[in-house]
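Here are the chains, one letter per residue:
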Amino acid sequence: MKAVILAAGEGIRCRPLTSTRSKVMLPVANKPILEHVIESLAKNGIKDLILVVGYERERIMNYFEDGLDLGVNIKYVHQKAQLGTAHAIKQAADLMEEDDQEFMVLNGDNVIEPQTIRDLIDKHTGDATILTVKKEHICGYGVVLANGKKVTKIIEKPTTELSHIISTGIYIFNHSIFERIEHTQISPLGEYAITDTIQQMIEDGMDVDHVLTNSLWRDAVFAWNLLKDNSMVLDRTEDYNIKGTVEDGGIIHGKVSIGNNTVIRSGCYIVGPTIIGDNCEIAPNVVILPSTTIGDNVSIGSFTQVQNSIIMDNTRIHSHGSISNSIIGLNNIIGPYFVAEDKENVKIQMEDELRTAEKLGAITGDDITIGHRVLVKAGSMIAHNCRIESGKTINQILPENSIVV
Ligand SMILES: CC(=O)N[C@H]1[C@@H](OP(=O)(O)O)O[C@H](CO)[C@@H](O)[C@@H]1O
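Conventions we followed
- Every chain's residues receive numbers from 1 upward, in the order its sequence appears when written.
- It should be noted that, the model being predicted, local features are given only for residues of pLDDT at least 70 and side-chain atom pairs only at 80 or more, the latter also being counted only at that level, while totals for whole chains, interfaces and linings use all residues.
- Only heavy atoms go into the side-chain values, all of them from the structure, while hydrogens and water stay out.
- Secondary structure follows DSSP: runs of H or I at least 4 residues long count as helices, runs of E at least 2 residues long count as strands, and numbering of each begins at the N terminus.
- Radius of gyration means the value over C-alpha atoms here, while the globule rule gives 2.2 Å times the residue count to the 0.38 power.
- Burial status follows relative accessibility: with a 1.4 Å probe on protein chains alone, a residue under 20% of its type maximum counts as buried, one over 50% as exposed, and anything between as partly exposed.
- Being near a molecule or strand, for a residue, comes down to having at least one heavy atom within 4 Å of it.
- N or O atoms within 3.5 Å of each other form a polar contact, as long as, within protein, one can give a hydrogen and the other can take it, and as long as residues adjacent in sequence are counted only when both atoms are side-chain atoms.
- For accessible areas, the Shrake-Rupley method is used with a probe of radius 1.4 Å. Any residue's cover is judged against the shown protein chains and nothing else.
- UniProt positions are given in the numbering used here, feature names are shortened, and annotations may be inferred rather than shown by experiment.
- In this description, a line fitted to the C-alpha atoms serves as the axis of each element, helices being fitted only across the stretch in contact, and the angle between N-to-C directions of two axes falls anywhere from 0 to 180 degrees.
- By the definition adopted for this analysis, an angle is roughly parallel if under 35 degrees, roughly antiparallel if over 145, roughly perpendicular if from 65 to 115, and oblique otherwise.
- Helix crossings are classified by the rotation of the near helix relative to the far one: an anticlockwise turn of less than a right angle makes the crossing left-handed, while a clockwise turn makes it right-handed.
- In this analysis, two residues are considered to be in contact whenever any of their non-hydrogen atoms come within 4.5 Å of each other.
- Following DSSP output, two strands are said to pair if at least two bridges run between them.
- Nonpolar cores are built from buried Ala, Val, Leu, Ile, Met, Phe, Trp, Tyr and Cys residues. Side-chain atoms within 4.5 Å join them into one set.
- Just so you know, the domain bounds were taken from an automatic or database domain assignment.
- Buried area is calculated as the accessible area (1.4 Å probe) missing from two parts once they are joined, with the contributions of both summed.
- Take a side-chain nitrogen of Lys or Arg and a carboxyl oxygen of Asp or Glu: if they are within 4 Å of each other, that pair is a salt bridge.
- Each residue is assigned to one class: nonpolar for Ala, Val, Leu, Ile, Met, Phe, Trp, Tyr, Cys and Pro, charged for Asp, Glu, Lys and Arg, and polar for all the others, Gly among them.
- The definition of a right-handed crossover adopted here requires that, viewed with the strands pointing away, the path from the first strand over the helix to the second runs clockwise.

Looking only at helices and strands, the chain features 7 helices and 40 strands. Here the C-alpha radius of gyration of the chain, 22 Å, is about what a compact globule of 405 residues would show, namely 22 Å. Based on the C-alpha atoms only, the size of the chain along its principal axes is roughly 65 × 40 × 35 Å. Looking at the chain as a whole, 55% of its 405 residues are labelled buried.

Time to look at the site of the ligand. Looking at the ligand, there are 14 residues lining it, with T85, G142, E156, K157 and S167 nearest. Within the contact set of the ligand, an oxygen atom lies 2.7 Å away from a side-chain nitrogen or oxygen of T85. In isolation the ligand exposes 440 Å². Once the protein is present, 83% of that is buried. Every element with two or more residues in the shell around the ligand is listed here: β11 (165–174) and α6 (194–203).

Within the UniProt annotation, "domain: Mannose-1-phosphate guanyltransferase C-terminal" (unreviewed entry) is assigned to residues 270–384. Counted over residues 270–384, helix gives 0% and strand 46%. Its end C-alpha atoms are 29 Å apart.

A few words on the packing of helix α1 (residues 33–43) against helix α2 (residues 57–64). For the pair α1 and α2, the least separation of the axes is 12 Å and the interaxial angle reads 50°. Taken together, α1 and α2 sit at an angle that is classed as oblique. At the point where α1 passes α2, the crossing takes the right-handed sense. Judged by residue contacts, L34, E35 and I38 of α1 engage I60, Y63 and F64 from α2.

So, about the sheet that holds strand β23 (residues 299–300). Taken in spatial order, the 9 strands line up as β14-β17-β20-β23-β26-β29-β34-β37-β40 in an open sheet, and their pairing is parallel. Since the sheet does not close on itself, it has two edges, and those belong to β14 (245–246) and β40 (403–404), each with one partner. Sheet analysis places strand β34 (residues 369–370) next to strand β37 (residues 387–388), joined by 2 bridges and oriented parallel. Counterpart to T369 in the pairing with β37 is R387.

So, about the nonpolar core. One finds L41, L49, M104 and L106 to be the most contacted residues of the largest nonpolar core, which totals 65 residues. Of all the elements, α1 adds the most residues to this core, at 6 residues. Leave out the neighbours within four places in its chain, and L106 touches A3, V4, I5, L6, V37, L41, I112, I117, G169 and I170. V286, V306, I317 and I388 belong to the second-largest nonpolar core, a separate cluster that totals 32 residues.

This next bit is on the domain arrangement of the chain. Examined at the domain level, the chain breaks down into domain 1 (2–221) and domain 2 (233–398). The interface of domain 1 with domain 2 comprises 16 residues on the first partner and 22 residues on the second. The three residues of domain 1 that bury the most area against domain 2 are P16, L17 and N30, which together make up 36% of that side's buried surface. Remark: the boundary between domain 1 and domain 2 carries 2 salt bridges. When its residues are assigned to classes, the side of domain 1 that touches domain 2 shows 7 nonpolar, 4 polar and 5 charged.

Let us look at the pairing of strand β4 (residues 48–53). Within β4, 5 of the 6 residues are buried, which leaves it mostly tucked inside the rest of the structure. Bridge analysis of strand β1 (residues 2–7) against β4 gives 6 bridges, and the strand direction is parallel. When the sheet's bridge partners are listed, L6 is paired in β4 with V52. Traced from β4 through α2 to strand β5 (residues 73–78), the parallel crossover comes out right-handed.

The next thing to look at is the pattern of salt bridges. Counted by the stated rule, this structure contains 19 salt bridges. Note that R21 is salt-bridged to D366, the shortest N-O span being 2.8 Å. Taken together, the positions of R21 in the loop between β1 and β2 (27–28) and D366 in the loop between β33 (363–364) and β34 put the pair 345 residues apart, joining distant regions of the chain. Given a relative accessible area of 3%, R21 falls into the buried group. Linking R236 and E113 is a salt bridge whose minimum nitrogen-to-oxygen distance equals 2.9 Å. In this pair, R236 is assigned in helix α7 (residues 225–236) and E113 in the loop between β7 (110–112) and α4 (114–123), connecting sequence segments 123 residues apart. Looking at R236, the relative accessible area reads 41%, which means it is partly exposed.

The next point concerns the UniProt feature "domain: Nucleotidyl transferase" (unreviewed entry) in the chain. Mapped onto the present numbering, the UniProt feature "domain: Nucleotidyl transferase" (unreviewed entry) falls at residues 2–219. For residues 2–219, helix accounts for 23% and strand for 32%, while the C-alpha atoms at its two ends are 23 Å apart.

Right, here's the structure in full:
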């Protein structure tokens, strides 16, 4: 069976992290979300993959290339305008062959594990089968009404809570879906939605089933949701190993991975689950607490403490810093005595409305330079390419290219 992975959108609500990469490339446990998806497919023997790409597609294509390193075979199609999920799936039609009777469709930006897909493969039956999960808050999803396994209705982003079963956006379709997509009308939300195609199938008397899963399926709606995704994936990872060097007097507790050429200096105290990438330098007396992911080529100065955070590649954090519940982008240079204050139930004004993050410190985009003794208040977000001079306090959303002097 082939799989079509939808990876063309930006993931606007995950800004500032997605202003330089698409959501599928955001790192969870030191791998892009899309890599978790591809690995889950490969472990189920699904190795012929069609990636529908658009926004920041070079970054995706340069990273995954033809997929051979991951044991899969990737072909790319370019969705030039993001006109909805049905339109995205249609882009893959020309790469399907006569004998591709059934194929899987899934989002590249949802964190899953191999069993998630297994559940669908094992139990799929109808002309189309939808993998579903139970969710308390259904806002923003396709909602499924069902009679046993038979889907009686699918409604995209309803305004009332009609049911607590939502579509994961993972389906098995047969080839006739392409013909049906041709007849799908544009929705009131202004897109060609695969949920409308499926609803039409139901109305035409076709057999649409759903399979409920309890396996891992996580959707990072906002950038801060990545922290929970990261900790869940780290908790489930079995494969921890220490390839780098831990100097005498460095203490490692629990599930900790340390990459090639990484050096953990004497006096460090590291508690898992934690993953540290390749070529990192962790100076003496650094404390790293669960659930933390540190990318490649990162250096952390003495006496800095990092907890429940994601620090992306090539970032340099100087001494005496305190970073918790935070996401720090690529190529940041952060001066000494940096504090990312964190709090519970932080209110964040997003474009559309006021949102609440359960627990959050700071979020920084890529290429940011921060001087000495900078305090970033809980829930602040610093977008791509900002510079903050020493001694400043940040308590807001800083737009791209800002300079704080
Ligand atoms: C039009 C469409 O296909 N919407 C899908 C899709 O929503 P997006 O807002 O497009 O990400 O993925 C959801 C799962 O993440 C699923 O519940 C929903 O039905």
